[in-house]
Structure formats: C-alpha cells, structure tokens
Amino acid sequence: MVLWPFVVFFVIVLIIPVGMLLLSHVLGQRHNEHATGSPYESGIVSEGSANVRFSVKFYLTAMFFVIFDLEAVFIFSWAVAVREVGWAGYIEILIFTAILVATLVYLWRLGALDWSPKQRGERS
Amino acid sequence: MLPLLIVTAAAVVVMLAISIKRSHLLAVWLTLVGLAAAFFSLWIVAPLTPIQVTPLLIVDGYALFYMGLILAATFVTVILAYGYLENQSGYREELYVLILVAALGSVVLVASSHFVSFFLGLEVLSVALYAMSAYLCARKPPLEAGLKYLVLAAASAAFLLFGMALVYAQLGTMQFGQIAAMLSGGACYSKALLLPGIALIITGIGFKLAVVPFHMWTPDVYEGAPAPVTAFIATVSKGAMVALLLRYFYETGMQHLGSVFLVFSIIAIASMIAGNLLALFQNNVKRILAYSSIAHLGYVLVAFLAGGTRAAEAVTFYLVAYFITTLGAFGVVSVLSNGERDADVLDDYRGLFWRRPVLAGIFTLMLLSLAGIPLTAGFVGKFFLVAAGASSALWGLIFTLIVTSVIGLFYYLRILVALYAPPAETGEAAPAGGLPALSRGGSYVLAALSVLLVWVGVYPAPILDAVQRAVSTLRLF
Amino acid sequence: MILVWLIVILLVAGVLAGFAGRVNTLWPRVISLVAVSIDFVLSLILWSENSSRVQLFPQRKWIEQVDWTWIPRFGIHFHLAMDGLSLLLIVLTFLLGIMSVLISWKEIQKGVGFFHFNLMWILAGILGVFLAVDLFLFYFAWELMLVPMYFLIAIWGHERRIYAAVKFFLFTQLSGLLMLIAILTLYFTHHRETGVYSFEYKDLLGTVLTPHTAMLVMLGFFVAFAVKLPMFPFHTWLPDAHTEAPTAGSVILAGLLLKTGAYGMLRFVVPLFPDAAHAFAPVAMTLAVIGIVYGAVLAFGQTDLKRLVAYTSVSHLGFVLLGIFAWNELALQGALIGMIAHGISTGALFMLVGGLQERTHTREMDRLKGLWATVPVMSGTMLFFALASIGLPGLGDFVGEFLTLLGTYRVSIGLTLVAAIGILISTLYALKVIQRALHGPNTHEWSIPDLGARELLIMIPMMLILLWLGLYPQPVLRTFEPAMHKLQEYAKPHPVLTLNPSVRALSYNGRLPEIKGK
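Keep in mind it's a predicted model, so treat the numbers as computed, not measured.

Procedures and definitions
- Residues numbered from 1 in each chain as written.
- Chains lettered and ligands numbered in written order.
- Predicted model: local features only at pLDDT ≥ 70, side-chain atom pairs only at ≥ 80, totals over all residues.
- Helix = DSSP H or I, 4+ residues; strand = E, 2+ residues; numbered from the N terminus.
- Buried ≥ 20, exposed ≤ 12 C-beta atoms within 10 Å, placed from the backbone.
- Axes fitted to C-alpha atoms, helices over the stretch in contact; angles between N-to-C directions.
- Parallel < 35°, antiparallel > 145°, perpendicular 65-115°, else oblique.
- Left-handed = near helix turned anticlockwise from the far one by under 90°.
- Contact = placed C-beta atoms within 7 Å.
- Nonpolar A, V, L, I, M, F, W, Y, C, P; charged D, E, K, R; others polar.

When helices and strands are tallied, chain A shows four helices and zero strands. Starting at the N terminus and walking to the C terminus, you meet the elements of chain A as α-α-α-α. Residues classed as buried in chain A amount to 1% of the 124 residues present.

In structure tokens, the structure reads:
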C-alpha cells in the first residue's frame, strides 16, 4: 500500500497555512492607530452599524429564486436528452413540474408571495 | 417502487391540502392514510421482488421489511405528533409534510444499492430533519437543536461525499454489487485511496448513527427537538442508516477488511462505554435516553461485527425491538409534555406512578426493555445480539456489552426510582380540577406499543421468521 | 400441563390483583391468597400422587413435563419439567407464598394492588426457575423474578430501600449476564459438536468441553448462583436487601430467592461440568466454610435484629453449599433438608422481627428490652425459631446440618471441624437475641399486643413443619432420592478425553446416540 505520498501531502497541507500564519505573525508589522479598527482604513469613514436589519422579504425572494430557478437546471438536463429518455422521461419531468406547481400553490396560499405585510397579517 | 411513490404523493397531497384548507385534523388523516396505503402496498409489491429499479434502487425482501418498519414507526410518530401539537399554537400542519419527506428519504436509504441513492436518501432525510428539530421555532431549545444538527450534519455529509468520491476514484464504480466484485475479484487496486474513502464514509454513517466519537450532537438535539421528532430521529433515521450499513458492508464484504473491523470495534466499545457512563450524570430524561441510544447503537455494532446471516438477523430483530421501545419511551415523554415545554426533567416523573399508574407502567416497561429485562422485546433482542457475538467469539466486545449494560441499568433504575417515589405531599399542590387529559391517539398508540413489546418479548418466533425471510434476500458477501 | 397452570394462575392472579387494587385494598389480598392456596393444594396433590410413582419408575425422566417449541430458529423450547427436587422446592414456594400474603395483610397499606402484583410475579418467576429445563427459559425466569423483587424493596422497603434495591439488582443482574455468556458458550459448543442448536438441559449434559473452557463456563454459572446463594465474597448485597425489604420481601428473599442459587448449583453447575466442579470443589467448600463462620460472627456483631437474621442466612446457606460440593448422598440430603428448613425457620424469624417492628417501630435490640412479660407468646415463638435456626435436635435445621456434616466428614475432616465451630458461634447469636431483646426488665416500658390469630395461623403450621422435618424427614428424602440419583449419575466424572473429536465422541457412550449407531 502506497500511503506515504498522502502523508507527505497532508503534512504539506498543514505546513503551508500554519507557516503563513506564523510568518506573518512574526515578521508582519503592527500598528494601532486611530483608524486601524475601521472597515475602510484609507477611505471614507463608515457610518452607522454593520448590523442593519434587512427586511425578511429579501431573504424570501432569494430563497424562492434558489428553489425555483435552480430547478430549471433539471429541466435543461432533460431537454438535452429528450429523445433518449423518450416518453418515460417526459412523464417524469411532468411529475417534477407538477410538484413544483404544487409547491408554488402552497407558497401562494401561505401568503409568502404577498409583498405587503398588511395582507399577510390579516391572513395569519 | 410503489411505496416510495405513495409516500411522495402523500407529501404533495398534504401540502396542497394545507394550502387549500388549513386543518390540523385533515392533515393528520391524510398523512396517516398515505402512510397506511404505502404500508399495505408493500404486500402488493412483495411478489415482484427482488427487482432492481434503475441501478440506484433495489427492492428486495430486506428493503421491504425495513420499509415496513420505517412506515409503521412514522405512523406512530404522526399520531404522537398530533397529540403533541394540539397543545401548540402557530402553524402545525407543515410538520406532517416534513415527516413524510423524511420518511421518503429513509425509505430510499433502505432500498439503496448505489452511492448516489445513498446520498440522495440521506440528504432528503437530513434536510427534513433540520426543519423538524427546529419546528417549534418560538422556543429556544428547538432552535438550538436545529442549528446544531444542520451544521454538524452538513459537515458529515461533506465527509461522506468525499469518501464516496475517493472510493469511486479507486474502483471506478458506485454500485455496491460492483464494488463487491472488484474487492473479491482480486482486481488490481491499491488501498491508498480506498481506505481513506471508507474511513470518510464511516464518518458520515457514524454521524447519523450517533456513535462515539461522532455523537456530540445527540444529547443536545434529543433534548431540544420536540419529543415526537426526537422519537423519529432516534428510530427512523437511525434504523434506515443501520439498514444501509448492513447492506453496504455485508454486500461489499468490506467488514472483512482488517482495518474496517478494527475501526468498528473501537467505535462499538467507545459507544458502549461513553454512552452508558455519560448517561449516569444526566438529570434530563431526554438526555438520558439520548446517551442510552448511543450505547444501544454500540450494542448493535457488536452483532454487526460478528458477520453472517445470524448477525444480520440479530441486528434487524434488535432494531425492531429498539423501535418499539424507543417510540414508547419518547411517546410517554411527548404525551406528558404540555404547551410550554417538554416533560423532560427527572422531577416531572417523580411519583408519576401514584398519579398515572398506567402511564408509569408503560414507561416502566419501555425502560425495562431498554435495560434488557425479560418479558420485553429488549431482552430477546439483547439475547440475540449476545448470541451473535458469542457465535463469532468476540469475547472482548461481549464483555464490554455486559459490563456497560449493567452500568446502563443503573440510570434506568434512577428513572424508575423517580417514577415510584412517594408523591410529594408538600411543595406545589396538585393542579386543581384533576390532571390534564392525555391525547386519546397518543394513549392508544402507547397501549398498542406496550402490547407489542410484551408480545415480541414473549413470543418472538413470528417476528423472527419475518426477519429471517427478509435477511435471506440480502446477498451476503 | 399442570406445570403451566401453576405458573399461569400466579400470573393471572397478579394482574387481577393489580387491577383490583384500584377498587379497594381487600380484593388484591383475597385474590392472591386464593391463587397461591390453589397452587399449594395442586402441588400437594402432585406430591401425594407421585410419592409412590417416583419410586416405581426410577427410569422416568421427569414426574411431569411440558415441552412446547418456542423460538425454533434458536432451538429454544418452552420446556418445564419436574423431578423430586423441583417438587419439594415448589411446595416450599407456595407455602411461603401463602405466608407472605398473610403477613402483609396489615403491614402493607400503600399501593396494595401493585404490591400483590409483584408478589405473585416473583413467585411465578421462582417457579419458572425451579421448573425450567431449557436453559434459555431458565435464564428468562431467572431475570424475570428480579424486577418485581426490586419494586418490592424499592417501594415498600424501609429507610435505605433505594440503595438496597439498586445494589440487589445490579449484583444479580451482572452475575446473571455472566451466566448468559456461559450458557451461550455451552450452546455454541454443543452446536459445533452435534450440529444441533439446543438449549435443552438433557442435550447439553453431554457437551464435551476442554478442561480450560469447562472451568471458565462453570465459573460463569457458579458466580451467578453464588451471588444469589450468597457465598462469602459475594454476599454484601444480602444484609442490605434483607434489612430494607418489607417483611414479605425478606421472607421471599431468604426463603426462596436464595434457594434458587442452591438449586442452580445442584441442577446445573455440578451435573453440567462434573470435572470442573470436582476440581473446583475444594475452593467452593472452603469459601462455604468461611461463609459459615463469617456469617455467624457478623450476625453476632449486629444490633439490628433484622440484619442479624440476614447474616444468619449467609451462615446457613454456607452449609447448603458445603453439602452440595461434598456431593455424596448424605451431604446432598443434608443440603436439601437444610434448604427447606432454613426457608421456614428464617422466614418465620423475619416475620416475627417484622411483627416486632410493626408494633415498636424499631429493630434495634437495645431498645427492645424485656419483651417477654409483655408478649409471652411472641417471645416463645421467637425462642422456638431461634433454637431451630441454631440446630436444636428434633427440628429441621438440625437434620440438615447434621447430614451435611456427616457427608462432608467423608470428604474433608478439617472443613467439617471448622463448620462445626460455626454452629457453636450460632448459639452465641441466638442467645444474644433472646437475652437482649426478650429477657431483662422492661426498661422501655413497652406495652404492645401479642400475636394475633392471623399471626398464630402463620406460625403454628411452620412450627409443626419444622418439627416434622426434624423428627421424620423420610417422606422428603424419599421424594428427593430418585432426583438425587439422577443428578449423581449425570455428574459421574467423564472418561479421559482425547483431543480428536471423533474419538471423543466414541468414548462417550450413550451420550451421543446418533454417532454411536444403534
């Protein structure tokens, strides 16, 4: 069994980051001035806190994008092989789309697609 | 294939039903009907087996048996969840969709004969479980549990995937059957990639089984997750993984590799010792059960290591017993839980016998079964495990099993002592107007589980026959 | 079939009593009493029917038996069988069972239904132990009797009940699991030799083990039974459990549970592993003698009456163990009579101490001075049983100890001598009880009721039985005789073994008929 290349590999993998960290720790310069802690040391002084609360709707939108847009990937892959997979593939992709539609119906009824919070408040 | 389709369809139907009319009862009924239909479709499918459905899934007697087990356990979980969620406010119906999806993942796992379906099933199961553990997101512990589970499970899935990639890189196949052929055919391969690959796969599996040293998440998740979900994690998720473990290692013959054997022996011994010892220091019933489940998986591994048909039977039988027992134990916890928190502190159970003798009796039965005392399924199960180990002369493992299970007895007795302690005369007075009523479904389920427990404990022959027939379809290497 | 009924009656009565306890406190007692009485009568009928039959058919394997397939995959049978030895112990079981129900009539007022449920199930478990000849079934029953006993101690016991109950459970469970490994080793060895999976006692009797394995497996059994017995280094659970248990619990512990250990030695350890047991006998007998003396000395040192009685059990069971490992006719008879007599005399002592505690709420001898004047009948009864327990000629214990010593004398004179010293010490503790607790002026001014009708109803039959055993033990010995000869026949030292399996099988006349060919 030829294990030693892996051992060497692992050792190197360990040595490089640890070495870099150590080197910068030892050799690197240090300074502590007025603006050291601020995000843009050389630019505009930042204003306010970084912990801004975005409206939760942005996350929802992002998630819906992930859910529905990425599913397109599967449909693309089916489209490429549409002749090879034949009717069976067609039915499968139909079922797949049907489940997606069902999910959409669910989200719609849940009120996840309503933009204005007022309506959602009424519903729940 | 039919059961899988039914479960999938049930999940979609329940989801649509929720979007049309939000009704707790309706969602539960649809879920139960779906599960029951899937369960009975097993008999429709049975004459056709074994069939290979695409290279990914194999539906044989073994898979059908485990599917039945998983579907039945899910059925019980749903009934328990109904009683549990009745006390909760907020959206309740989605949990059933999640449970169905998780069951789907488990069912895929037990029928998997390919790395792809292995991973697919695992992820379908895991993703649903994240949401299930954190389902009561208004409380802190479930959130913590969900988050912990998410982070650790994702990490372990990455390990698993990497391991599969390494094995694939070495052998050029992801099918269990072909791996077996490669390993036995004396094909020229080096172990340099294979062994790290297997090790990483074991990591992934070990995480799901919660064996030492991959057990860190267990107590927190068990404690935090709502009681019915905990029951589900403890039974269905682990059971599906054990089924896969058996199929994967037995069909490929990997457990004959010396280093794999060694690793599993260490894991088994460490799990038995650590699980039982750590449980001694807990005061939370859910945590005690969590640690005890770690130990129980250690026991299972002892028989798993013995190898051969009888060992596979012992493991499968033990899982049946373990399913009944664990569902019962967490069922009691969930029946006693109220709208604010789960009944998980030892003090919640103090003097339970004098307040609710039947419920305490059921809990006693479950604990005795976990401890492996006769008349319960746990006894027969443990007997078979020890017999399997003894037939392969794994004395070291068996002695560890014996000694640690006596340690384990100690904390089961602690709970028992609390159950039968004299009721606190002073202190907080009993709630006016008698005790709150228990959910009817939950009570029936618990009664049924107790009867089953004793029946299997006294007359295990029918179950053993079924197990034997199921395991005989496993192509042992 | 009657054997199954004996057990089923108890199990059903237990469940009924458990439910009846929700209605009132009288029904569980009545149900239990009736059930045990029916069983007692049945066992007496069995005895009287068979007292002639066992003599007439010495070749019959068992007096009664039931054999049902239970788990075919593992060759497990539900096989109950009874010979003279089991029969006697069963009669004792039901007798003490009746007494336990009666003695709890007043003492137990809390959770009456559940108490009787446990009581009945312990008796059923003990019955299972005495009757099982399938080793799996035996182990099943062996473990089954622990749980109700645990509850009995942990719920209805005295001050340190939890500690005592847990200790009892852990000790017996660990040793039981060791026995499980031993059983399985035997089972798989038997399978390797014959290709048959069987837990059947008769099948396993002929199993040939290498001397080393035989010794280890024998020790697995031995430890399990020695803990129950209890033999000297394993006895530490006993004083705690006996002291903390409620009276009925103590009676059953001392009278029956300890006997299961002795029964196991007789039935399994020596016949299954004759060579190993023979090699081990000097060690076992030495430990037994140490137990005799040690138990007696410790009993003398106690101030707690119940603890004192508990330690005397260690001493008495030492005699039983001595007799078993001396393994000749006299010694075995002595061990048997010793077992039965000890069950009755110690059981009665526990009942009396329990009665005293019920009346005075103490077990400390110093606080119990001068009771004779107040409760003459009770004191007299106590004197009787104390004298029985030290082996007064004419009472049962004397016969047991005398026969044991006679039998042991043929094996080892030294051990006999030391054991006899143990008897001497036992007179010391008996006198101590009488002097400290009963005699003297009534300085604490106790005025308590004497034995009532119910208690007399318990005590008088037990006195009569002890007298009968002491004066005319012949019926008991005659019932035991065929069983004893069978056991001795099984335990004949094996012929010299060679390592070649085929030769080994051939040298084994009669044990492996399918190889020998007919």
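From this point, the discussion proceeds with the structure in view.
Turning our attention to the packing of helix H13 (residues 305-326) of chain C against helix H16 (residues 396-411) of chain C. Residue and element names in this part refer to chain C. It is at 9 Å that the axes of H13 and H16 come closest, and there the two elements cross at 40°. In terms of axis orientation, H13 runs oblique to H16. The interaxial crossing formed by H13 with H16 has left-handed handedness. On H16, the residues that touch Phe-319, Leu-322, Gly-323 and Ala-326 of H13 are Gly-400, Glu-401, Thr-404, Gly-407, Thr-408 and Val-411. Tallied by class, the residues present in the contact of H13 with H16 amount to four nonpolar, five polar and one charged.

Looking now at the interface of chain B and chain A. On the chain A side, the residues contacting the eight residues of chain B number 10 residues. Of all the secondary structure elements, the ones that give two or more residues to the side of chain B that touches chain A are helix H1 (2-20) and helix H8 (191-209) of chain B. Considering every element that reaches the side of chain B that touches chain A, the biggest residue donor is H1(B), with five residues. Among the residues making up the side of chain B that touches chain A, the classes are represented as five nonpolar, two polar and one charged.

This part covers the interface of chain B and chain C. Of the residues lining the interface, 20 residues belong to chain B; the matching set on chain C comes to 23 residues. Those elements giving two or more residues to the side of chain B that touches chain C turn out to be helix H16 (377-391), helix H17 (395-420) and helix H19 (461-472) of chain B. By residue number, the principal contributor to the side of chain B that touches chain C is H17(B), which donates eight residues. Across the side of chain B that touches chain C, the residue classes tally to 18 nonpolar, two polar and no charged.

Turning our eyes to something else, we now look at the packing of helix H5 (residues 115-133) of chain B against helix H6 (residues 140-171) of chain B. Residue and element names in this part refer to chain B. Between H5 and H6, the least distance of the axes is 8 Å, while the angle of their chain directions is 170°. Classified by the angle their axes make, H5 and H6 are roughly antiparallel. Only Pro-142, Ala-145, Gly-146, Tyr-149, Leu-150, Ala-153, Ala-157, Leu-160, Leu-161 and Met-164 of H6 make contact with H5, whose side of the interface consists of Phe-115, Phe-119, Leu-122, Glu-123, Ser-126, Leu-129, Tyr-130 and Ser-133. Among the residues forming the contact of H5 with H6, the class breakdown is 14 nonpolar, three polar and one charged.

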